[in-house]
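# Close look at the chain arrangement
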Amino acid sequence: MKKQIYWEDVNIGQEIPTLTKIATTMMLVKWAGAFGDYNPLHFEHDFAVNFMRSPGIIVHGTLKRQMLIQMVTDWIGVDGWLQRISTQFKGMDYPRPMKSLGEPLDGDTLLCKGKVTGKSEKDGKHLVECEIWMENSKGEVTTSGTATVILPSKS
Amino acid sequence: MTSEGLKGLIGKKGKPAVHKVELSGLRKIADAVGNRDPLYWDDEYAASTRYGGVIAPPDHFGWPVKWGSNLPFMSSSDLGAELFGTAAQAGYVRAINAGMESEYFLPVRPGDTLVISGEIVGIEEKEGKKGGKMLFSTIEQTIVNQNGDIVAKQRIMTIH
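Summarised in this report is the structure supplied together with it. On a predicted model such as this, the values are computed, not experimentally measured, just so you know. (Residues numbered from 1 in each chain as written. Chains lettered and ligands numbered in written order. Predicted model: local features only at pLDDT ≥ 70, side-chain atom pairs only at ≥ 80, totals over all residues. Heavy atoms only, no water.)

## As for the nonpolar core
Where a protein is soluble and globular, its nonpolar side chains tend to be buried together. Counting residues in each nonpolar core, the largest one holds 59 residues, and the members touching the most others are M67(A), W75(A), L82(A), V128(A) and I132(A). Looking at this core, the element that brings in the most residues is helix α3 (residues 61–76) of chain A, giving eight residues. Apart from the residues lying within four places of it in its own chain, the contact partners of L82(A) are I69(A), V72(A), I76(A), A147(A), T148(A), V149(A), P58(B) and Y104(B). (Core = buried A, V, L, I, M, F, W, Y, C linked by side-chain atoms within 4.5 Å. Buried < 20%, exposed > 50% of the residue type's maximum accessible area, 1.4 Å probe, protein only. Helix = DSSP H or I, 4+ residues; strand = E, 2+ residues; numbered from the N terminus. Contact = heavy atoms within 4.5 Å.)

## Here we look at the side chain of T143(A)
All names here are of chain A. The topology assignment puts T143 in strand β5 (residues 141–150). Owing to a relative accessible area of 0%, T143 belongs among the buried residues under this scheme. Side chain to side chain, T143 and K64 meet in a polar contact 3.3 Å long. Setting aside its immediate chain neighbours within four residues, T143 contacts K64, L68, T87, Q88, F89, K90, W133 and M134. (Polar contact = N/O pair within 3.5 Å; in protein donor to acceptor, adjacent residues only side chain to side chain.)

## What about the interface of chain A and chain B?
Chain A puts 39 residues into the contact, and the matching count from chain B is 38 residues. Summed over both partners, the interface of chain A with chain B comes to about 3300 Å²; 58% of that surface belongs to carbon and sulfur atoms. At the boundary of chain A and chain B, one finds three salt bridges. In this structure, the salt-bridge partner of D59(B) is R65(A), at a minimum N-O distance of 2.6 Å. For the interface between chain A and chain B, the tally reads 17 residue pairs in polar contact (both at pLDDT 80 or more). Of all elements in the fold, only α1 (25–36), α3 and β2 (81–89) of chain A reach the threshold of two or more residues within the side of chain A that touches chain B. Pairing geometry for β2(A) and strand β3 (residues 96–104) of chain B, over five bridges, is antiparallel. (Buried area = accessible area lost by both parts, 1.4 Å probe. Salt bridge = Lys/Arg side-chain N within 4 Å of Asp/Glu carboxyl O. Pairing = 2+ DSSP bridges.)

Printed below as a string of structure tokens:
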């Protein structure tokens with residue numbers, strides 16, 4: 001099992017380990033089914049272009065958010081608790097089409113990133129405030145947000 | 001100026017939706033995003049943690065127990081259908097998720113029965129950057145479990 005991080009280990013300005021994700025058309029179909037968002041914007045190219053006036057199929061905001069959630073929960077470990085997360089979907093992300101059954105074509109890689117912006121104690125809880133965001137391969141921030149986590153304390 | 005029909009949506013509450021949380025449902029979320037955390041996949045490991053068992057990834061609140069037919073969104077209540085329908089009548093036929101905010105108070109577990117209550121708390125028309133109008137809506141949801149405890153609160157912002 002991964003080592004548990006404690007409140008005392010965390011410093012303001014510290015970066016959250018980056019989580020790298022590749023969104024594929026296959027992943028978007030899985031997410032549509034798992035989350036229950038069947039908007040054809042996420043799987044039908046012509047609909048995305050003609051009706052939604054999008055350059056193409058885009059990644060679900062809820063999926064990008066779940067990637068950021070995973071980045072945070074991977075970092076805080078099983079004894080940490082994600083208390084609050086806010087995400088703004090500022091830019092579109094495009095999935096990679098599949099090249100074979102198991103492998104996507106070249107394309108965008110999504111980087112989930114974050115850093116610690118604050119630490120406090122409230123009602124016996126050890127809180128950490130974070131800024132979180134997602135970058136595409138061009139380094140553009142396509143999703144931004146903030147999160148508050150509760151970490152275990154050594155004291 | 002916001003049209004009367006749209007303005008009337010503010011403060012509107014939806015009929016609470018009953019959702020059931022199941023192990024396979026929460027694992028589909030973890031599978032789709034590619035999250036191999038044993039807290040979602042390994043019953044024995046999960047039992048050894050402070051949770052005493054598998055819990056759902058944040059944002060998973062199960063599936064409706066009743067046929068809802070509010071496609072394309074499984075999770076949308078009749079409130080969501082009314083919001084999108086009224087917006088479409090006012091000329092806003094497209095909709096895109098602009099952002100979400102959640103607070104999580106308690107773990108969601110397989111077997112939980114959750115009641116999701118929604119309210120439209122924000123409706124605002126603005127001039128778009130490229131001309132033409134845009135509609136911004138916010139739905140607030142409170143999710144309560146079978147013990148009467150609030151497990152989470154969510155705000156969902158949509159641009160129409």
